[in-house]
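Breakdown of the fold
Listed here are the chains, written in short residue letters.
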Protein chains: 2
Amino acid sequence: MKIAVVGLGNLGRSAAKIVKNMPDMELFGVFSRRNMPDTLPYDEIMEYKNEIDALILCGGSAVDLPVMTPFLAEHFNVVDSFDTHADIAKHYENVNKSAKTGGKTALVSCGWDPGLFSLMRIYADAILPDGKLRTYWGKGVSQGHSDAIRKIDGVVDARQYTIPDYNYEGDNPHKMHRRECFVVAENNADKAEIEHKIKTMPKYFAGYDTAVHFVSTDELRQNHSGFPHGGRVVCDNGESAMELRLKLNSNPDFTAGILVACARAAYRLNSEDKTGAFTMADLPVRYLARGNIFDMM
Amino acid sequence: MKIAVVGLGNLGRSAAKIVKNMPDMELFGVFSRRNMPDTLPYDEIMEYKNEIDALILCGGSAVDLPVMTPFLAEHFNVVDSFDTHADIAKHYENVNKSAKTGGKTALVSCGWDPGLFSLMRIYADAILPDGKLRTYWGKGVSQGHSDAIRKIDGVVDARQYTIPDYNYEGDNPHKMHRRECFVVAENNADKAEIEHKIKTMPKYFAGYDTAVHFVSTDELRQNHSGFPHGGRVVCDNGESAMELRLKLNSNPDFTAGILVACARAAYRLNSEDKTGAFTMADLPVRYLARGNIFDMM
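Residues numbered from 1 in each chain as written. Chains lettered and ligands numbered in written order. Predicted model: local features only at pLDDT ≥ 70, side-chain atom pairs only at ≥ 80, totals over all residues. Heavy atoms only, no water.

1. Regarding the sheet that holds strand S12 (residues 229-236) of chain A
Heads up, the condition is: Strand pairing follows a simple DSSP-based rule, namely that at least 2 bridges must link the two strands. Where helices and strands are cited, they refer to DSSP runs of H or I of at least four residues and of E of at least two residues respectively, numbered from the N terminus. Angles here are taken between N-to-C directions and fall from 0 to 180 degrees, while the axes themselves are lines fitted to C-alpha atoms, restricted in helices to the stretch in contact.
Taking strand neighbours across the sheet as the criterion, the 6 strands line up as S7(A)-S12(A)-S13(A)-S13(B)-S12(B)-S7(B) in an open arrangement whose pairing is antiparallel. For this open sheet the edge positions go to strand S7 (132-137) of chain A together with strand S7 (132-137) of chain B, each flanked by a neighbour on one side alone. Direction aside, the axes of adjacent strands within the sheet are offset by 5 degrees on average. When S7 of chain B meets strand S12 (residues 229-236) of chain B, the two strands line up antiparallel, connected through 6 bridges.

Written out as structure tokens, the structure reads:
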């Protein structure tokens, strides 16, 4: 099947690399709005609508995907990783409408959270209804928190690590994780003021145990250039415990691996005339499989 | 929905208890071949075919389910936990035929292995195709191995624990687990002979590091009457690692929890005219969910 990638950020680069190595897939190309070597211009994507079996959309959830996925889902089978949890139902509806109109299949909000972690929460809630269900994230880089720090006056660059306390079993969500920030400040910036602004930032940092370290651009590049992440979904009713653990050196590589498997599923669903939008919770795992599922039972 | 249980062993008792506590379910009754208090006679099960929304079949995989599931699937929505891995494809075919004939829905081979562990293996194979995939079982009681010991001349009762070595990463499957056996022998039995027969038993024990302890009936009852189990499915490609862990005080309780959730799914699938046989790999998790899946995304 011919798969194309839209967007050439970290996620898009990982997706293109994985598609190239997948025996049952061919990388049709990477579409980008920026005029970069070895990319196809995004403006011309409609010209290829009959040549591509599925598109992997690697845009951001804040601005790109809410518009791009419904627009493209009318003309292509698509997969996205829309991850604003509170808006998934609305996104699903928008995409479902246009995919149904065009007779295409869209898999939305694929990845590990939302995605694999969502599946684990739903299985756990069904199987252990009286269990205590918790999601821990990290240790890993949170792009959203890093971006929030970068918007503060006087900040040149920043990297925020979310660090879970797996031993914490109380009910205060702010105690499950602490936050560690590595910040490059402008030469004449008021570091005390930056630190105060970070630690008191509503939703992102206020209420959390937050540490702020000022570092040089070189140190940030050398020691904090990767995108490690991971986490755990744990459900325990005192008698039975089920747990999903992820430990990722590269969050974009792992997420892209899920998107590529979902592109296979989108193409297969569409081949069976199953059109409209699906989340991973609407999708039997059979559609992701490379081989005979009975061999893996 | 009205759910009935077939069989009153450990699994059936757990399933009946869970159905009773499930707000969206009513326990129609427990069918048994043995004439026991509070059970309905299995011989008369056909009389109730229009009153039951799904049957949870709690028979054994060796003798009961290969016959019982295809027979009942023509007349009821059914769920079973057929767990002879090598024969699942054949069992699925048999059940599919009769469920299709009767316009009913059957979920076969539900549980944790096959079941949740199968799902995890299929997800891992799709997402990390270059990963090393391993399944560890235990520490827990293996019914199959315990039964195999019980069949040896001079053995009154036995309990076999499968004990994983999570640190073992080599390629010899016999090194991933060791086996510990607690055996009650007849008074005049040749214990050395029993131990030899256990340790050299093909498939079950030969090749494994096996310890045999002779104990009294009282000790077996006091210290080994439970059915703890668990295990891990691990997939690691050196960059990303995903892992599903289970730790169960009661294997029957946890397995029954899965069967009960699958009974909900069988009923719902049938209400949508989705008939025939399904494994958990053919089933979107949405069908198991108690609430709105978007709340758990």
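Alright, that's what it looks like, and here's the rest.
2. A closer look at the interface of chain B and chain A
Note the following rule: Throughout, a residue-residue contact means that at least one pair of heavy atoms, one from each residue, lies within 4.5 Å. Note on terms: buried area is the combined drop in 1.4 Å-probe accessible area of two parts once they are placed together, counting the loss on both. Between Lys or Arg on one side and Asp or Glu on the other, a salt bridge is scored when a side-chain nitrogen of the former is within 4 Å of a carboxyl oxygen of the latter. Within 3.5 Å is the distance limit for a polar contact, defined as a pair of N or O atoms, with the added protein rule that one can donate a hydrogen and the other accept it, and that residues adjacent in sequence qualify only through two side-chain atoms. Gly counts as polar in this scheme, as do all residues outside two lists: the nonpolar Ala, Val, Leu, Ile, Met, Phe, Trp, Tyr, Cys and Pro, and the charged Asp, Glu, Lys and Arg.
Contact residues are listed per partner, giving 51 residues for chain B and 51 residues for chain A. Taking both partners together, chain B and chain A bury about 4,700 Å²; carbon and sulfur atoms supply 64% of that area. Taken together, the links from chain B to chain A amount to 4 salt bridges. Here Asp125 of chain A ties to Arg290 of chain B by a salt bridge, and the two come within 2.9 Å at their closest N and O atoms. The tally of links between chain B and chain A comes to 22 residue pairs in polar contact (both at pLDDT 80 or more). Among the secondary structure elements, those contributing two or more residues to the side of chain B that touches chain A are helix H3 (88-102), helix H4 (116-127), strand S13 (240-248) and helix H8 (251-271) of chain B. By residue number, the principal contributor to the side of chain B that touches chain A is H4 of chain B, which donates 10 residues. Taken together, the residues of the side of chain B that touches chain A sort by class into 33 nonpolar, 8 polar and 10 charged. In this sheet, S13 of chain B lies alongside strand S13 (residues 240-248) of chain A in antiparallel orientation, the contact comprising 9 bridges.

3. Some remarks on the side chain of Ser61 of chain B
Residues and elements named next belong to chain B. Positionally, Ser61 belongs in the loop between strand S4 (54-57) and helix H2 (65-73). Polar side-chain contacts of Ser61 include one of 2.8 Å to the side chain of Asp83. If we skip the residues at most four places from it in the chain, Ser61 touches Pro66, Ser81, Phe82, Asp83 and Thr84.

4. A look at the pairing of strand S1 (residues 2-6) of chain A
Residue and element names in this part refer to chain A. What counts is decided by this rule: Throughout this description, buried means an accessible area under 20% of the type-specific maximum (1.4 Å probe, protein chains only), exposed means over 50%, and partly exposed covers the range between. Convention used here: a crossover is right-handed provided that the path from the first strand, over the helix, to the second strand proceeds clockwise when the strands point away from the viewer.
Taking burial as the measure, the 5 residues of S1 include 4 buried ones, the bulk of the element. Here S1 pairs with strand S2 (residues 26-32) via 5 bridges, running parallel. Across the sheet, the residue bridging to Val6 is Phe31, located in S2. Regarding the hand of the β-α-β motif, the stretch spanning S1, helix H1 (residues 10-20) and S2 is right-handed.

5. Remarks on the sheet that holds strand S9 (residues 155-164) of chain A
All names here are of chain A. Read from one edge of the open sheet, 4 strands run S8-S9-S10-S11, paired in mixed fashion. Two strands lie at the open edges of the sheet, namely strand S8 (140-141) and strand S11 (209-214), each paired on one side alone. Running at roughly 145 degrees to S9, helix H5 (residues 143-150) makes contact with S8, S9 and strand S10 (177-185) of the sheet.

6. Observations concerning the confidence of the model for chain A
Applied cut-off: Confidence scores labelled pLDDT are given residue by residue by the predictor and lie between 0 and 100.
With 100% of its residues at a pLDDT of 70 or more, chain A shows a mean pLDDT of 97. Two summary scores accompany this predicted model of the complex, namely pTM at 0.96 and ipTM at 0.96.

7. Things to note about the packing of H2 of chain B against H3 of chain B
Residues and elements named next belong to chain B. The condition that has to hold: By the definition adopted for this analysis, an angle is roughly parallel if under 35 degrees, roughly antiparallel if over 145, roughly perpendicular if from 65 to 115, and oblique otherwise. Definitions for this section: a left-handed crossing has its near helix turned counterclockwise from the far helix by less than a right angle. A right-handed crossing has that turn clockwise.
Packing of H2 against H3 leaves a shortest axis separation of 7 Å and a crossing angle of 20 degrees. Classified by the angle between their axes, H2 and H3 sit roughly parallel to one another. As for how H2 packs across H3, the hand of that crossing is right-handed. Side by side, H2 and H3 meet where Leu65, Pro66, Thr69, Pro70 and Ala73 of the first sit next to His91, Asn94, Val95, Ser98 and Ala99 of the second. Grouping the constituent residues of the contact of H2 with H3 by class yields 6 nonpolar, 4 polar and no charged.

8. Details of unusual backbone geometry
The residue after Gly138 of chain A, namely Lys139 of chain A, is reached through a cis peptide bond having omega -5 degrees. Within the secondary structure, Lys139 of chain A sits in the loop between S7 and S8. A positive phi is found at Lys203 of chain A, a non-glycine position, where the angle reads about 65 degrees. Here Lys203 of chain A is to be found in the loop between helix H6 (191-199) and S11. Judged by relative accessible area, Lys203 of chain A falls into the exposed class, the value being 78%. The phi torsion at Asp273 of chain B lies on the positive side, around 60 degrees, for a residue other than glycine. Checked against the element boundaries, Asp273 of chain B lands in the loop between H8 and strand S14 (276-278).

9. Quick word on the relation of the copies chain B and chain A
Going by this rule: All copies are superposed by least squares; the fitting set is the C-alpha atoms of residues with a pLDDT of at least 70 in both.
In the superposition of chain B on chain A (RMSD 0.1 Å, axial shift 0.0 Å), the rotation amounts to 180 degrees. Such a combination of turn and shift is consistent with a two-fold rotation axis. Comparing contact sets, 100% of the residues at the interface of chain B also lie at the interface in chain A, consistent with an isologous, same-surface contact.

10. Observations concerning the pairing of strand S11 (residues 210-214) of chain B
Residue and element names in this part refer to chain B. Pairing geometry for strand S10 (residues 177-185) and S11, over 5 bridges, is parallel. Looking at S11, one finds that Glu180 is bridged to Ala211. Note on the crossover from S10 through helix H6 (residues 191-199) to S11: the handedness is right-handed.

11. Some remarks on empty space enclosed by the protein
Rolled over the atoms, a probe sized like a water molecule indicates the empty space that remains. As a reminder, the rule being used: In this analysis, the protein atoms alone were mapped onto a 1 Å grid. Cavities are point sets where a 1.4 Å probe fits without being able to get out; pockets are open sets with protein on both sides within 12 Å along at least five of seven lines; lining residues have an atom within 4 Å of a point. Grid points are joined across faces, edges and corners, and a volume is the space filled by probe spheres set on the points.
What the rule picks out here adds up to 2 cavities of 30 Å³ or more. By volume, the largest cavity is sized at about 150 Å³. Taken together, Leu116, Leu119, Met120, Tyr123, Met242 and Leu244 of chain A together with Leu116, Leu119, Met120, Tyr123, Met242 and Leu244 of chain B make up the full set of residues lining the largest cavity. Taken together, the elements giving at least two residues each to the lining of the largest cavity come down to helix H4 (116-127) and S13 of chain A together with H4 and S13 of chain B. Counted as a void, the second largest cavity has a volume near 30 Å³. If you go around the second largest cavity, the residues you meet are Leu119, Tyr123, Met280, Leu283, Pro284 and Val285 of chain A together with Leu119, Tyr123, Met280, Leu283 and Val285 of chain B. Those elements that place two or more of their residues in the lining of the second largest cavity are H4 of chain A together with H4 of chain B. Considering only residue class, the lining of the second largest cavity consists of 11 nonpolar, no polar and no charged.

12. Details of the pattern of salt bridges
Residues and elements named next belong to chain A. Per the counting criterion, the structure on display carries 29 salt bridges over all chains. Here Glu180 and Arg178 are joined by a salt bridge, their closest N and O atoms 4.0 Å apart. Where Asp218 meets Arg221, a salt bridge forms, and the shortest distance between an N and an O atom there is 3.4 Å. Within this pair, Asp218 and its partner Arg221 are both found in helix H7 (residues 217-223), separated by 3 residues, close to a single helical turn. Judged by relative accessible area, Asp218 falls into the partly exposed class, the value being 45%. For Arg221, a relative accessible area of 55% corresponds to the exposed category. Salt bridges here are not isolated pairs; linked through shared partners, they connect Asp147, Arg150 and Asp157.

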